[in-house]
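In case you want the letters, here they are:
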Amino acid sequence: MKKDTYIRRRAQLKKDMGSGLLLFLGNDEAGMNYADNTYRFRQDSTFLYFFGLDYAGLAAVIDIDADKEIVFGNELTIDDIVWTGTQPTLSEKASAVGISLTMALRELKGYVDQALRKGQPVHFLPPYRGDHRVWLWELLGVAPKAQTDRASVALIKAIVAQRNHKDEEELQAIEASVDLSTEMHLTAYRMVRPGMHESQVAAAVEEVACRHGHVLAFPTIATVQGQVLHNHGFIHRLNEGDIFLLDAGAETSEHYAGDLSSSMPVGERFTDRQAEIYNIHLESFYAAVDKLKPGVPFREAHIAAATKIAEGMKRLGLMKGDPAEAAETGAYAMFFPCGLGHMMGLDVHDMENLGEQYVGYAEGMTKSRQFGFKSLRLARPLEPGFVFTVEPGIYFIPELMDKWRAEHLFEDFICYDQLDAWRDFTGLRNELNYVITPTGARLLGTIKKPMTIEEVYEAKEKPF
């Protein structure tokens with residue numbers, strides 16, 4: 001991102017907040033099993049959005065009342081340089097994003113204390129890492145258990161209002177991530193065959209991101225047990241007649257994410273039963289896409305997808321009654337227990353650490369606690385610049401069948417006696433990424449991901 005981009009973002013935040021001290025904690029290195037053996041460093045996304053500094057061990061404040069923007073950090077010692085190589089100085093790092101004032105990290109406590117003594121409000125975000133909880137306790141005296149509740153709602157809302165609307169610079173970065181993610185999925189279509197293992201496919205898919213010098217946006221899901229929504233095990237053998245489900249995405253050097261899902265036969269073709277379910281799923285997908293335009297609540301797209309799934313299940317004799325009513329009451333969640341999609345940007349689930357209620361729901365909207373609807377991360381009316389995923393799926397989960405049947409749930413809609421023959425079907429989904437435009441929605445990415453059965457077969461026939 002350009003220097004002016006960060007300057008503009010901070011200026012808008014100051015205007016929206018009006019007064020107070022805004023505190024931003026960057027991420028630090030985190031040890032996997034001892035201090036020097038660390039996980040891959042990933043900077044906090046809000047810190048990246050406003051300060052763009054992809055280095056460990058930093059913090060920043062925007063002191064609106066004093067008209068100061070300060071980056072706090074430490075210069076590298078010779079011991080650091082021996083192990084990690086040299087970096088720009090702290091002032092050089094800050095200058096690159098339009099900040100002229102830097103201070104040593106040890107001075108942050110004194111600066112915050114001074115603000116508290118003056119009665120200046122100190123705004124901070126809900127922490128999601130243990131070291132941040134300790135840091136906030138030391139800086140503000142707020143016990144870790146109380147920090148989420150004490151986080152600044154005003155700051156959360158101001159940040160969400162900016163980050164929910166992607167500009168052209170961001171869209172270009174996201175589209176590059178989507179294209180790389182598509183290449184990852186095309187690799188799977190070409191290589192999936194009976195006799196392989198999930199781990200082989202996952203390795204080849206992840207190699208695509210690595211080969212381009214980038215990383216994963218989230219842990220890969222590559223499985224023939226697609227009814228397990230987040231299955232990261234890579235332990236199964238691929239057999240003829242299986243459906244292989246891939247949910248994988250890349251994060252490019254600017255840290256914007258892509259997020260795609262694909263479902264494909266392990267053998268050359270889907271079985272007739274698999275093809276029926278796949279096509280019902282496609283009907284639900286495009287019913288949702290038809291709803292995507294400014295002003296339309298994303299919940300309506302979710303309901304449109306759920307209604308099509310209920311219609312398809314009724315044709316197969318697995319559901320009965322009015323499909324639209326089955327969607328509104330939640331009976332559809334037997335087959336589609338998750339939400340249709342989520343915001344996407346610097347986080348694959350954008351700003352989920354700030355709270356789905358603020359990101360995916362408009363003022364006055366209440367997030368449902370009902371099974372199925374409670375997993376709907378995005379429900380608010382759509383606005384130009386929103387970037388999100390569309391990801392309906394159809395899943396046959398034996399444990400859910402048994403639970404609902406024992407509880408006599410939705411017996412007016414679900415034909416439980418017919419479900420037994422489908423207990424081993426597993427599940428499938430597809431996912432694409434969209435941006436809302438002033439007149440509708442645009443599919444992101446310049447490379448086409450297979451969607452129809454014919455496109456899936458064509459992709460599988462290309463040599464690996």
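Residues numbered from 1 in each chain as written. Predicted model: local features only at pLDDT ≥ 70, side-chain atom pairs only at ≥ 80, totals over all residues. Heavy atoms only, no water.

Trainee: Even after reading the chapter, I still don't get empty space enclosed by the protein, so can you show me in this structure?
Mentor: Which parts of space are left empty comes out when a probe the size of a water molecule is rolled across the atoms. Tallied over the full model, the rule gives two cavities of 30 Å³ or more. For the largest cavity, the lining is made up of 13 residues, of which Leu 25, Asp 44, Leu 125, Pro 126 and His 132 are closest to its centre. Those elements that provide at least two residues to the lining of the largest cavity are strand S1 (21–25) and helix H6 (130–140). The greatest single-element share of the lining of the largest cavity, amounting to three residues, is contributed by S1. (1 Å grid on protein atoms, 1.4 Å probe; cavity = no way out; pocket = protein on both sides within 12 Å on 5 of 7 lines; lining within 4 Å. Points joined across faces, edges and corners; volume = space filled by probe spheres on them. Helix = DSSP H or I, 4+ residues; strand = E, 2+ residues; numbered from the N terminus.)

Trainee: Teacher, can you tell me more about the sheet that holds strand S5 (residues 68–73) here?
Mentor: Backbone hydrogen bonds hold the strands of a sheet together, and the pairing may be parallel or antiparallel. Pairing within the open sheet is mixed, and its five strands lie in the order S6-S5-S4-S1-S7. On the outer flanks of this sheet lie strand S6 (101–104) and strand S7 (122–123), each paired with one strand and no other. (Pairing = 2+ DSSP bridges.)

Trainee: What should I look at first to understand the pattern of salt bridges in this one?
Mentor: Side chains that differ in charge, positive against negative, can pair when their charged atoms come close. Inspection of every chain in the model, using the stated rule, returns 29 salt bridges. Notably, a salt bridge pairs Arg 8 with Asp 167, separated by 3.2 Å at the nearest N-O pair. Taken together, the residues span a long stretch of sequence, with Arg 8 in helix H1 (residues 3–17) and Asp 167 in the loop between helix H8 (153–163) and helix H9 (168–191) at a distance of 159 residues. On the basis of relative accessible area, Arg 8 is assigned to the partly exposed category, the value being 45%. (Salt bridge = Lys/Arg side-chain N within 4 Å of Asp/Glu carboxyl O. Buried < 20%, exposed > 50% of the residue type's maximum accessible area, 1.4 Å probe, protein only.)

Trainee: Honestly, the side chain of Gln 120 in this entry has me stumped. Any pointers?
Mentor: The residue Gln 120 is located in the loop between helix H5 (108–117) and S7 in this model. In terms of polar contacts, Gln 120 uses its side chain to reach the side chain of Asp 65, at 2.7 Å. In contact with Gln 120, not counting residues within four places along its chain, are Gly 20, Leu 21, Asp 63, Asp 65 and Ala 115. (Polar contact = N/O pair within 3.5 Å; in protein donor to acceptor, adjacent residues only side chain to side chain. Contact = heavy atoms within 4.5 Å.)

Trainee: I keep staring at the pairing of S1 and nothing clicks. Help me out?
Mentor: Sheet faces and side chains relate simply in a regular strand, where the side chains alternate between the two faces. Burial analysis of S1 places five of its five residues in the buried class, which makes it a mostly covered element. Of the two faces of S1, the one carrying Leu 21, Leu 23 and Leu 25 and the one carrying Leu 22 and Phe 24 are both buried. Relative to S7, S1 runs parallel, the two sharing two bridges. Bridging across to S7, Leu 21 finds its partner in Val 122. Across five bridges, the pairing between S1 and strand S4 (residues 59–63) is antiparallel. Among the inter-strand pairings, Phe 24 is bridged to a residue of S4, identified as Ala 60.

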